[in-house]
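Each chain is listed here by its residues.
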Amino acid sequence: MTDPISLVLDEPARREAFPACKTQIFMAHAGVTVLPRAVADAMTEYIRRSCEQHQEFGQVLADVNLARRVSADFIGAHPDEIALLGPTSLGLSLFANGLPWREGDELICYADDYPANVYPWMELARRGVVVRYLHPERPGEITAELVEAALTERTRLVALASCNFLSGYSIDVDAIGRLLQGRGVLFSLDAIQTLGAGPLSVEHVDFLSADAHKWMLGPMAIGIVFVRREHFELLRPTLIGAWNVQSPNFIAQPEIAFQPTARRYEPGVLNITGVYGMRAALDLLAAAGMDRVRARILSLKAAATTPLRAAGFEFLGPLDGAAASGITTFRHPERDMAALFKALEERNVVASLRFDRAGLQYIRLSPHFYNTLDEMARVVEILMEAPVR
């Protein structure tokens, strides 16, 4: 495969590999990505073959196993620890609902994470679980020290996002994971805002869920769900069907015996079209190299933040360093952010308009490695041209 990052030096090749570039500047990978051609082609080819043969033709199950291996390699796991499920909230709900909670158990989460990583944990209060919320000084700025200060003898699990969807603050997954492992506390990670934008390892994580439709450059409703092998018996499947329960010759047995791998969390037919698309996306990212992808994204971030900061724009989250991410969220005290967002839309720039809990409006940019410095300069130019209110 051609080095994907080198495509930024060849505009015709870039537009061929990422067709959306022909008509727009796409800066919303923290929302729902456009699909690279390789991903769309993989999905289309599967669909084409499925009108010539049945949808589970001979190669499909082997390809599913390959996708499981590719997904495992992407996060440093074993294929047996991977379930191919999406969206992210499905995996998080499996974690929340499958653990044997006792009344008075405590869990820690963050109320200003994306709601998909709040509501499954909040609902556990109905089962007598005490939900404790972290209160960082700045949005998303969750550190190992903040987590440690919130732990008690009754804490059973900490549920965090690897990167805050609004501020773009990236937590130190390894530091927090090591802390929790040392305390015997489980660690659940919503990784959708990190996977695909930089390297991430599950060495110190117990559970992870991430759909493919953001930074992984993949389709919707398919993703990576990771459950550490040692927790298979602890985390009971709450979705049950013919695929995850052993049913020889498709005959129901007197007792439920789950599959011995993370397949136990896949109750039935998988999103096979999505599996093909996600595997193609992961192959693309692996060819680029995740360290290089992160470096490229941060260089694009700097190309926007330097001139915008000089022009008086105010930012949420860090602009550089280990906690910085591809998410750049900002506002201007003297400009109408909704009008700025509309100006971007009218000039074929796809970004996101987001709000904090106080109702303040922000524009969020989230470029990927294939975006260019020229595109970043154009975005800055549009923002600078907008009138002061």
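These remarks concern the structure in this document. It should be emphasised that the depicted structure is a prediction, and the values quoted were computed from it without experimental measurement.

### Comments concerning the overall build of the protein
Scanning the protein for helices and strands turns up 11 helices and 13 strands. On C-alpha atoms alone, the protein measures out to a radius of gyration of 22 Å, which is about the 21 Å that the 2.2 N^0.38 rule sets for 389 residues. Counting only C-alpha atoms and orienting by the principal axes, one finds that the protein spans roughly 70 × 55 × 30 Å. Within the protein, the fraction of its 389 residues that count as buried is 55%. In the protein, of all internal contacts separated by at least 6 residues, the share reaching a separation of at least 24 is 69%. Treating the 38 positive side-chain charges of the protein as one cloud and the 46 negative ones as another, the clouds have centres 2 Å apart.

### Things to note about the pattern of salt bridges
Applying the stated rule across the entire model yields 23 salt bridges. For Arg68, the salt bridge is made with Glu266, and the minimal N-O distance between the two is 2.7 Å. Taken together, the residues span a long stretch of sequence, with Arg68 in helix H3 (residues 60–75) and Glu266 in the loop between strand E8 (223–227) and helix H8 (272–288) at a distance of 198 residues. Residue classification places Arg68 among the buried residues on the basis of a relative accessible area of 7%. You can call Glu266 buried: its relative accessible area is 0%. Its salt-bridge partner being Arg138, residue Glu137 comes within 3.6 Å of it at the nearest N-O pair.

### Focus on the side chain of Arg156
Relative to the elements of secondary structure, Arg156 occurs in strand E5 (residues 155–161). At a separation of 2.8 Å, a polar atom in the side chain of Arg156 contacts the main-chain carbonyl oxygen of Pro100. Excluding residues that lie within four positions of it along the chain, Arg156 makes contacts with Pro100, Trp101, Arg102, Asp105, Glu106, Val185, Leu186 and Leu234.

### A look at the layout of surface pockets
Reported here for the largest pocket is a volume of approximately 410 Å³. Every residue lining the largest pocket is counted, 23 residues in all, and those nearest its centre are Ser170, Ile171, Thr194, Pro199 and Ala322. At three residues, the largest contribution of residues to the lining of the largest pocket is made by helix H9 (residues 290–310). Among the residues forming the lining of the largest pocket, the class breakdown is 12 nonpolar, eight polar and three charged.

Reading guide: rules and limits
Residues numbered from 1 in each chain as written. Predicted model: local features only at pLDDT ≥ 70, side-chain atom pairs only at ≥ 80, totals over all residues. Heavy atoms only, no water. Helix = DSSP H or I, 4+ residues; strand = E, 2+ residues; numbered from the N terminus. Rg over C-alpha atoms; globule rule 2.2 N^0.38 Å. Buried < 20%, exposed > 50% of the residue type's maximum accessible area, 1.4 Å probe, protein only. Contact = heavy atoms within 4.5 Å. Lys, Arg positive; Asp, Glu negative; His and termini not counted. Charge placed at Lys NZ, Arg CZ, Asp CG, Glu CD. Salt bridge = Lys/Arg side-chain N within 4 Å of Asp/Glu carboxyl O. Polar contact = N/O pair within 3.5 Å; in protein donor to acceptor, adjacent residues only side chain to side chain. 1 Å grid on protein atoms, 1.4 Å probe; cavity = no way out; pocket = protein on both sides within 12 Å on 5 of 7 lines; lining within 4 Å. Points joined across faces, edges and corners; volume = space filled by probe spheres on them. Nonpolar A, V, L, I, M, F, W, Y, C, P; charged D, E, K, R; others polar.

The analysis is restricted to geometry; functional conclusions fall outside its scope.
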